[in-house]
Amino acid sequence: MAKPSPSPTSSGELRGPRTCDCELALLPLRQLLLLQPDCFQLRGDRLAVLRPPRHQPAGGFTVLSDGALHHDGQRHCRLTGHLKRDVELTSHRDYKDFRETILSRPLVFFTNVRTKNYSSKEKTYAFIVNTRHPKIRRQIERGMNTIISSVFGESYKLRFDFQEVVKSFFPPGSHLVTGEDLSFSYEFKSDALFDFFYWFGISKNTVAVTGKVLNLSNTSPEKKEIITMFLEKMSEPYVRLNSFSDRKFSVASRDSIDAFNCSLTPQPSLTNPPVRVC
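Residues numbered from 1 in each chain as written. Predicted model: local features only at pLDDT ≥ 70, side-chain atom pairs only at ≥ 80, totals over all residues. Heavy atoms only, no water.

Asker: Sorry, what's going on with the pattern of salt bridges here?
Answerer: Should their charged atoms come close, side chains of opposite charge can pair. Within this structure, the stated rule accounts for nine salt bridges. Here E23 ties to K135 by a salt bridge, and the two come within 3.9 Å at their closest N and O atoms. Within this pair, whereas E23 is found in the segment before β1 (24–28), its partner K135 is found in helix α3 (residues 134–150), the two being separated by 112 residues in sequence. Residue R159 pairs with D86 through a salt bridge whose shortest N-O separation is 3.1 Å. Residue R159 is located in strand β11 (residues 156–161), and its partner D86 is located in strand β8 (residues 86–89); the two are separated by 73 residues in the primary sequence. (Salt bridge = Lys/Arg side-chain N within 4 Å of Asp/Glu carboxyl O. Helix = DSSP H or I, 4+ residues; strand = E, 2+ residues; numbered from the N terminus.)

Have a look at this one:
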């Protein structure tokens, strides 16, 4: 029986010797724990998001979560070292710090999925948002800038949602058990006397982020090193240049030997080998 394939918009590949062409990526949480032990560690019922190493203090990942997850639908775990998915900001300094946090590192969300063929079983996946990719960065920055320009000192709320792009990646009939975990929001509370637009919900917007999802689900030993190097390259720190939003790869990243002298290509589904090495 032929296995369903994801839609064309959910596929992607890495191209070029010194650029990461990955917009979004997805892999099982168990695999992420094995490949990135310096960033994520599961100890008993606690999943710890570790601080970046001293030699790369601005690197690593930013995990957005409510602080708990049901690992593969069987084991309840609490998270530490994460950023809350929904935050409240009360000053322009808060806003600047939050924007810096969101755009300076890849974002990671955890979500549980049940596929059609295994409807009674859940698997926890790590969904990675590559904020250094121009297409993803542009959508986030545009959403933030647009809502600011549409209000005049009033309060507002902005949510970024990834549910549809993840849902389209999996075969038809799959169910996102914790799809609500694939979003984050911030609410800016001003000291305006009359927040009419906020009270009536006019200044509350949602941005449905779109992009190609790269399937990194693969357990074969020969692919392990390539995927590990890819994750490390993606999480290298940025260097701030002329403006807040103008960020590039670090000098070390630009001058380093390319880890991708071969291509990683997602296959039709998570049940097939998702990475092809040539």
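Asker: Can you help me understand the packing of helix α2 (residues 92–104) against α3 in this one?
Answerer: Any two packed helices are characterised by how steeply their axes cross, that is the angle between the axes, and by the distance between the axes. At a closest axis distance of 11 Å, the pairing of α2 and α3 adopts a crossing angle of 165 degrees. If you check the angle between α2 and α3, you find them roughly antiparallel. As α2 runs across α3, the sense of the crossing is right-handed. Seen from α2, the contacting residues are Y95, F98, R99, I102 and L103; seen from α3, they are R137, I140, E141, M144, N145 and I148. (Axes fitted to C-alpha atoms, helices over the stretch in contact; angles between N-to-C directions. Parallel < 35°, antiparallel > 145°, perpendicular 65-115°, else oblique. Left-handed = near helix turned anticlockwise from the far one by under 90°. Contact = heavy atoms within 4.5 Å.)

Asker: For this particular structure, what's the right way to read the packing of aromatic side chains?
Answerer: What characterises a pair of aromatic rings is the spacing of the ring centres plus the angle enclosed by the ring planes. Counted by the stated rule, this structure contains 13 aromatic pairs. Plain terms: the ring middles of F109 and F127 are 6.4 Å apart, the flat faces sit at 40 degrees to each other, and that makes the pair tilted. Taken together, the residues span a long stretch of sequence, with F109 in strand β9 (residues 107–114) and F127 in strand β10 (residues 123–129) at a distance of 18 residues. Take F109 and F127: they sit in the same class, and that class is buried. On the basis of an interplanar angle of 90 degrees and a centroid distance of 5.5 Å, the ring pair of F169 and F170 is categorised as edge-to-face. An aromatic cluster is built from Y95, F98, F109, F127, Y156, F160, F162, F184, Y186 and F188, whose rings are joined through pairwise contacts. (Phe/Tyr/Trp six-rings, centres within 6.5 Å; stacked < 30°, edge-to-face > 60°. Buried < 20%, exposed > 50% of the residue type's maximum accessible area, 1.4 Å probe, protein only.)

Asker: It is not clear to me how the nonpolar core should be interpreted in this structure. Could you clarify?
Answerer: One recurring pattern in soluble globular proteins: nonpolar side chains tend to sit buried together. One finds F109, F127, F160, F162, F184 and Y186 to be the most contacted residues of the largest nonpolar core, which totals 36 residues. Apart from the residues lying within four places of it in its own chain, the contact partners of F162 are F109, F127, V129, L182, F184 and V209. One finds V108, I128, L214 and L216 within the second-largest nonpolar core, a separate group that totals 26 residues. (Core = buried A, V, L, I, M, F, W, Y, C linked by side-chain atoms within 4.5 Å.)

Asker: So what exactly am I meant to see when it comes to the side chain of S185 here?
Answerer: Structurally, S185 is set in strand β13 (residues 183–188). Polar side-chain contacts of S185 include one of 2.5 Å to the side chain of D86. Residue contacts for S185: discarding those within four places in its chain leaves R85, D86, V87, F98, K157, L158 and R159. (Polar contact = N/O pair within 3.5 Å; in protein donor to acceptor, adjacent residues only side chain to side chain.)

Asker: For this particular structure, what's the right way to read unusual backbone geometry?
Answerer: Although it is not a glycine, D72 sits at a positive phi angle of roughly 55 degrees. In this structure, D72 sits in the loop between β5 (68–71) and β6 (75–80). You can call D72 buried: its relative accessible area is 11%.

Asker: Could you clarify how one ought to interpret α2 in this entry?
Answerer: One turn of the α-helix equals 3.6 residues, which is why residues spaced by three or four share an orientation. Counted at 1.5 Å a residue, the expected span for α2 with its 13 residues is 18 Å, and the 18 Å between its end C-alpha atoms agrees. Considered for burial, the residues of α2 that qualify are Y95, F98, R99, I102, L103 and S104. (Expected span 1.5 Å × (residues − 1).)

Asker: Explanation requested: the side chain of R85 in the structure shown.
Answerer: Mapped onto the elements of the fold, R85 is located in the loop between β7 (83–84) and β8. Residue classification places R85 among the buried positions, given a relative accessible area of 6%. Within the local environment of R85, its side chain forms a polar contact with the backbone oxygen of E180, the two atoms lying 2.9 Å apart. Within the structure, the side chain of R85 is placed 2.9 Å from the backbone oxygen of S183, a separation counted as a polar contact.

Asker: Quick question: what am I supposed to make of α3 here?
Answerer: For α3, which comprises 17 residues, the first-to-last C-alpha distance of 24 Å matches the rise-based estimate of 24 Å (1.5 Å per residue) to within 8%. Those residues of α3 lying buried are I136, R137, Q139, I140, E141, G143, M144 and I147.

Asker: Can you walk me through the sheet that holds strand β3 (residues 46–49) in this structure?
Answerer: Remark on secondary structure: sheet strands pair via backbone hydrogen bonds, oriented parallel or antiparallel. The sheet built from four strands is open, its strands ordered β2-β3-β6-β5 with mixed pairing. Where the open sheet ends on each side, the last strands, each with one partner, are β2 (40–43) and β5. Ignoring which end each strand starts from, the neighbouring axes of this sheet average 30 degrees apart. Of the pairings in the sheet, the one linking β2 to β3 comprises four bridges and is antiparallel in character. Paired with F40 across the two strands is V49, which belongs to β3. (Pairing = 2+ DSSP bridges.)

Asker: Quick question: what am I supposed to make of the pairing of strand β4 (residues 62–65) here?
Answerer: One face of the sheet, then the other: side chains in a regular strand alternate in exactly this way. Going residue by residue along β4, you find T62 and L64 tucked away on one face and V63 and S65 tucked away on the opposite face as well. In this sheet, β9 lies alongside β4 in parallel orientation, the contact comprising two bridges. Bridged to T62 within β9 is L107. The sheet contact formed by β4 and β7 spans two bridges and is parallel. Each residue of the ladder has a partner; that of S65, found in β7, is K84.

Nothing here speaks to function; it is geometry throughout.
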